[in-house]
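Letter by letter, the chains look like this.
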Amino acid sequence: MQKRIKILAIETSCDDTCVAIIEAESSSSNEKKGASFKILSNVAQNQSDIHTKYGGVYPMMAKREHIKNIRPMYELAMEKAKNPKIDAIAVTVGPGLEPALWVGITFAKELAEKLKIPIIPVNHMEGHIFSIFPTKTKTFKVEKGKNFFPILSLLISGGHTELVLMKDWMKYKKIGETRDDAIGEAFDKVARMLGLPYPGGPEVGRLAEAERQDILLGGLGSATARARGIFQQKNIRTSQKNILSFCQRITFPRPMIHSKDYDFSFSGLKTAVLYLIRDFKEQFGEYSKKEIPNILKQKIAREFEDAAIEVIVKKTIRAMKEHKIKTFIVGGGVSANKYLRQELNSAIVNLQKETKNKIRARYPAPGLSTDNALMIAIAGYFQYKNKKYLKDFDKIKAVGNLSL
Ligand code: KG4
Ligand code: ZN
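Just so we're clear, the structure is a prediction, and the values are computed from it rather than from any experiment.

Thresholds applied
Residues numbered from 1 in each chain as written. Chains lettered and ligands numbered in written order. Predicted model: local features only at pLDDT ≥ 70, side-chain atom pairs only at ≥ 80, totals over all residues. Heavy atoms only, no water. Helix = DSSP H or I, 4+ residues; strand = E, 2+ residues; numbered from the N terminus. Contact = heavy atoms within 4.5 Å. Areas by Shrake-Rupley, 256 points an atom, 1.4 Å probe, with all protein chains shown as cover. Lys, Arg positive; Asp, Glu negative; His and termini not counted. Charge placed at Lys NZ, Arg CZ, Asp CG, Glu CD. Axes fitted to C-alpha atoms, helices over the stretch in contact; angles between N-to-C directions. Left-handed = near helix turned anticlockwise from the far one by under 90°. Buried < 20%, exposed > 50% of the residue type's maximum accessible area, 1.4 Å probe, protein only. Polar contact = N/O pair within 3.5 Å; in protein donor to acceptor, adjacent residues only side chain to side chain. Pairing = 2+ DSSP bridges. Donors = N, O, S within 2.8 Å, 3.2 Å for Na, K, Ca; no water. Core = buried A, V, L, I, M, F, W, Y, C linked by side-chain atoms within 4.5 Å. Near = heavy atom within 4 Å. Nonpolar A, V, L, I, M, F, W, Y, C, P; charged D, E, K, R; others polar. Disulfide = S-S within 2.5 Å.

Student: Could you give me a rundown of the overall build of the protein chain, with the residues and numbers involved?
Tutor: Scanning the protein chain for helices and strands turns up twelve helices and eleven strands. In terms of overall dimensions, the protein chain has C-alpha extents of about 80 × 50 × 35 Å along its principal axes. Long-range pairs, those at least 24 residues apart, make up 74% of the contacts in the protein chain between residues at least 6 apart in sequence. Entry remark: accessible area of the protein chain is about 18800 Å², with carbon and sulfur atoms responsible for 52%. Distance between charge centres in the protein chain, computed from 66 positive and 43 negative side chains, equals 4 Å.

Student: Can you tell me about the packing of helix H10 (residues 294–322) against helix H11 (residues 338–355), naming the residues and giving the values?
Tutor: The N-to-C vectors of H10 and H11 enclose an angle of 30°; their axes lie 10 Å apart at closest approach. Of the two elements, H10 crosses H11, and the hand of that crossing is right-handed. Of the residues in H11, those touching H10 at Glu305, Asp306, Ile309, Ile312, Val313, Thr316, Ile317, Met320 and Lys321 are Tyr339, Leu340, Glu343, Leu344, Ala347, Ile348, Leu351 and Glu354.

Student: Describe the side chain of threonine 17, listing the residues and the values that go with them.
Tutor: When you line up the elements, threonine 17 lands in strand E2 (residues 16–26). Look at threonine 17 and you get buried, because its relative accessible area is 0%. Within the structure, the side chain of threonine 17 is placed 2.8 Å from the side chain of histidine 66, a separation counted as a polar contact. Excluding anything up to four places from it in sequence, threonine 17 contacts Glu11, Thr12, Val43, Ala44, Gln45, Gln47, Glu65, His66, Asn69, Ile70 and Met73.

Student: Could you give me a rundown of the sheet that holds strand E5 (residues 119–123), with the residues and numbers involved?
Tutor: Read from one edge to the other, the open sheet built from six strands follows the order E5-E4-E1-E2-E3-E6, with strand pairing classed as mixed. Looking at strand neighbours, the two that pair on one side only are E5 and strand E6 (139–143), the edges of this open sheet. Direction aside, the axes of adjacent strands within the sheet are offset by 30° on average. Bridge count between strand E1 (residues 4–11) and E2: eight bridges; the pairing is antiparallel. Considered in E2, the bridge of alanine 9 is made with alanine 20. Strands E1, E2 and strand E3 (34–46) of the sheet are contacted by helix H2 (residues 59–80), whose axis makes an angle of about 35° with E2. Across the face of the sheet, helix H3 (residues 98–115) comes into contact with E1, strand E4 (88–94) and E5 while running at roughly 160° to E4.

Student: Go over the coordination of the zinc ion (ligand 2), please, and point to the residues and values.
Tutor: The protein atoms that coordinate the zinc ion (ligand 2) are His124 (NE2), His128 (NE2) and Asp371 (OD), at distances spanning 2.0 to 2.1 Å. Taken in sequence order, the residues that donate to the zinc ion (ligand 2) follow the motif H-x3-H-x242-D. Residue histidine 128 is found in helix H4 (residues 124–130), and its partner aspartate 371 is found in the loop between strand E11 (360–362) and helix H12 (374–385); the two are separated by 243 residues along the sequence. Taken as a pair, histidine 128 and aspartate 371 share a single burial class, namely buried.

Student: Talk me through the nonpolar core; I want residue IDs and the actual numbers.
Tutor: One finds Phe252, Leu296, Ile300, Phe304, Met320 and Phe328 to be the most contacted residues of the largest nonpolar core, which totals 61 residues. In terms of residue count, the dominant contributor to this core is H10 (14 residues). Those residues in contact with phenylalanine 304 that lie beyond four places of it in its chain are Ala186, Phe187, Val190, Val204, Phe252, Leu269 and Val273. Core analysis: the next-biggest nonpolar cluster, separate from the first, contains 42 residues, Cys18, Ala20, Phe37 and Met170 among them.

Student: An account of the site of ligand 1 is requested, with residue identities and associated values reported.
Tutor: For ligand 1, the set of nearby residues contains 19 residues, the closest of which are Gly158, Asp188, Gly201, Gly333 and Asp371. Aspartate 188 places a polar side-chain atom, nitrogen or oxygen, 2.6 Å from an oxygen atom of ligand 1. With respect to ligand 1, the backbone of glycine 201 contributes an N or O atom lying 3.0 Å from an oxygen atom. When ligand 1 is considered free in solution it has 550 Å² of accessible area, and contact with the protein chains removes 89% of it. Those elements that place two or more of their residues in the shell around ligand 1 are H4, helix H5 (183–193) and helix H6 (200–216). Its residues placed into classes, the shell around ligand 1 shows five nonpolar, twelve polar and two charged.

Student: Quick rundown of the side chain of glutamine 47? Include the residues and the values.
Tutor: In this fold, glutamine 47 is placed in the loop between E3 and helix H1 (48–54). In terms of polar contacts, glutamine 47 uses its side chain to reach the backbone carbonyl oxygen of alanine 62, at 3.3 Å. When residues no more than four places from it in sequence are discounted, the contact partners of glutamine 47 are Asp15, Thr17, Ala62, Glu65 and His66.

Student: Kindly report on the state of the cysteines, identifying the contributing residues and their values.
Tutor: Following the criterion strictly, the structure yields zero disulfides and no others. Free cysteine: cysteine 14, not disulfide-bonded; nearest cysteine sulfur from cysteine 18 at 9.9 Å. Taking the relative accessible area as the measure of exposure, cysteine 14 reaches 23% and is therefore partly exposed.

Next up, the structure:
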């Protein structure tokens, strides 16, 4: 029997207060065949303006903002969906910032109590895996055929860097993870060192891309050209010449690129950026209190992105090869990075040529790489179909370090 259900999903694990409502229907009596979905609403209130001032997310500040935003977001989602009757509430229970998670969980409990409906606790990372399914349209399908497996998921966000192997839906085996900073966290910290606003990933990506364009344009793109222009002026200051030669010598390490496991480490890379800026300020005393020049920012951004992405691509491709992966899923905020997608795609093309096996690569649609409640609703639906919902709400708790 086909049954349509409506799920309201809540996501408050970090700095976005998100609510989504979906209508889902199994494609056949055999739920393994998947389901079709209709997005009734998907809204979010981002807090980055507030966190920008402090250069990062402080859990208690995030909590305060979620408390302010959760009801307006719920009301907006309901209004956009034309006030449907909700059958179940999916809520992120971890991993994430516990004070922030609790805001969503408490709201979900109160609402579920009032509506007398169950709650589906959802793992945020499972949400990121399911974020690849929605397209740009309001309806989409999730096919769950066996021929997709094995699947490798690369989950890269502000809190995680993980390679997860899946031999069936909802069955996860983590084969690698970061031993220190997450990749998104490294992007954010480097951005902060460069005086760029939070969240830093898109900003660092933008500078790195500009720098790469200069090189692609024959080495005379804007930033380099400007610096060379200075060279050609009559009264050139020696320090400007030296800044350019300092920039041209920048290289950063590729941490753990040759290690046999699938683990990552980004804290050394971040420290290399810190030391480089310190060395620069020591050598060019006039910058000790000033912002570092743009040409240096661009160089750092590019070299940092090159290093971080080279390690990720190399290890991911090795994991695909070893596990004979048929489908590759990338999720989490950093999956929005254009250069990462480009590098992964070209490495996959080469791997396919080598192994003669086709690999489907799937990335989230625009806007769904970073946190959203739509992905929680989809993961929640499949958990619901597996009867993983609860009517006893006391058991539902925030677990900051919840693992897949
Ligand atoms: O998944 P997400 O929204 O939140 C967590 O679960 O952590 O990921 C946020 C992270 C931030 O570190 C942000 O800087 C990074 O994703 N990010 C990016 C890009 N867009 C977001 N990093 C690199 N390039 C991007 N285009
Ligand atoms: Zn996330």
